[in-house]
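# Structural features, examined
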Amino acid sequence: MRKPELLVTPARVEDIEQLVSAGADAFVVGEQRYGLRLAGEFTREDVQKTVEIAHKHGKKVYVAMNALFHNDKVPELEGYISFLKKINADAIIFGDPAVLMAARSAAPDMKLHWNTETTATNWYTCNYWGRKGAKRAVLAREINMDAIIEIKENAEVEIEVQVHGMTAMFQSKRSLLGNYYEYQGKALEVENRAQEKSMFLHDKERENKYPIFEDENGTHIMSPNDICIIDELQEMIEAGIDSFKIDGVLKSPEYIIEVTKLYRKAIDLCVEDPDQYDEIKDDLLGEIEEIQPANRKLDTGFFFKETVY
């Protein structure tokens, strides 16, 4: 079996060397002006340093340009893409077709990864964007394992799946969502507004706390739990999924590094010695549970949900 790429979202340039040692094969970096929900803010200088360090170790760097671009930002895209071409970034992650059009002009040979967060739910759509120039499709988090396997069987592009971390539930381009709920006096209330990285939308009825933050792209509400399927990787590895992503948004650098080490061990064992992986996979899950933040439960997301037509 071929090993899938282990893709990680680092929080800082200083962590790249440690993440390489931990077993990461590739990194997603960028700045919020062009990318959505990144684990850390990477300036152009930071992106260049990341590329240099990663390439020194034979690793790859993908730059996030998956925001939705209004007309005022579209003229900037070719310049940013030209910069990424100059520093030899390995790929651009995009959702807005404006990025695709800009890349055709500024860097026609640049590898593109199509990621619209929620609409990559079938192989036909993935292949459509492949014909438009995308080399990879990032699957939506709201589909189950059967759908993922079916897509991989029929896909003409690389397939990326998130295996760990929180996921986006809602985004608004407006930055006043929390104020709206408070003004209306609804049951949902925003806690810790002053601490931007520690705000929660509290749903007392469901006893859930949803991380919420606001940035240049608006308001983002995240899932109350973290996906973790370190003990359920075998079926996707056997199917040939190309990339497993660990999303480190709103996590500490130390947490991202430790989780990367555990997934590296899981992937290597699953490929090289499936029986041993089967023996220790519950222990690997237990090790993640030990370092998991107290307010972030682990679950399997939609991987084992039944599809309803």
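Structure first, text after, so check above.
Heads up: these notes are all about the structure in this document. Numbering of residues starts from 1 in each chain and follows the order in which that chain's sequence is written. Given that this is a predicted model, residues contribute local features only at a pLDDT of at least 70 and side-chain atom pairs are listed and counted only at 80 or more, while totals for whole chains, interfaces and linings are drawn from all residues. Excluded from the side-chain calculations are hydrogens and water; all other atoms, namely the structure's heavy atoms, are used.

### Concerning the environment of Val271
Under the convention used in this document: In this description a helix means any DSSP run of H or I spanning at least four residues, a strand means any run of E spanning at least two, and both kinds are numbered starting from the N terminus. Each residue is assigned to one of three classes by its accessible area relative to the maximum for its type, calculated with a 1.4 Å probe on protein chains only: buried under 20%, partly exposed between the two thresholds, exposed over 50%. We call two residues in contact when some of their heavy atoms are within 4.5 Å.
Inspection of the secondary structure puts Val271 in helix 9 (residues 253-272). On the basis of relative accessible area, Val271 is assigned to the buried category, the value being 15%. Placed 38 residues apart in sequence, Val271 and Leu233 show a C-alpha to C-alpha distance of 10.0 Å. Ignoring anything within four residues of it in the chain, the contact list for Val271 reads Met1, Arg2, Lys3 and Ile237.

### Section: unusual backbone geometry
Within the chain, Arg37 stands out as a residue other than glycine whose phi angle is a positive 50°. In this fold, Arg37 is placed in the loop between strand 2 (26-29) and helix 2 (44-56).

### Some points on the pattern of salt bridges
Note the cut-off: By convention in these notes, a salt bridge is any Lys or Arg side-chain nitrogen within 4 Å of a carboxyl oxygen on Asp or Glu.
If you walk through the whole model with that rule in mind, you get 25 salt bridges. Arg206 serves as the salt-bridge partner of Asp203, at 2.8 Å between the closest nitrogen and oxygen. Accessibility expressed as a relative area gives 9% for Asp203, which makes it buried. Taking relative accessible area as the criterion, Arg206 reaches 56% and is therefore assigned exposed.

### Digging into the nonpolar core
As a rule of thumb, soluble globular proteins bury nonpolar side chains together. The test is simple: Only buried Ala, Val, Leu, Ile, Met, Phe, Trp, Tyr and Cys residues count toward a nonpolar core, and they belong to the same one when joined by side-chain atoms within 4.5 Å.
Ranked by internal contacts, the top residues of the largest apolar core, which has 86 residues, are Leu84, Ile159, Leu233, Met236 and Tyr263. Per element, the largest residue contribution to this core is eleven residues, and it comes from helix 9. With residues near it in sequence (within four places) discarded, Leu233 still touches Val163, Phe244, Tyr263, Ala266, Ile267 and Tyr277. The next biggest cluster of nonpolar side chains, apart from the first, holds eight residues, and it includes Leu7, Ala26, Ala64 and Ile93.

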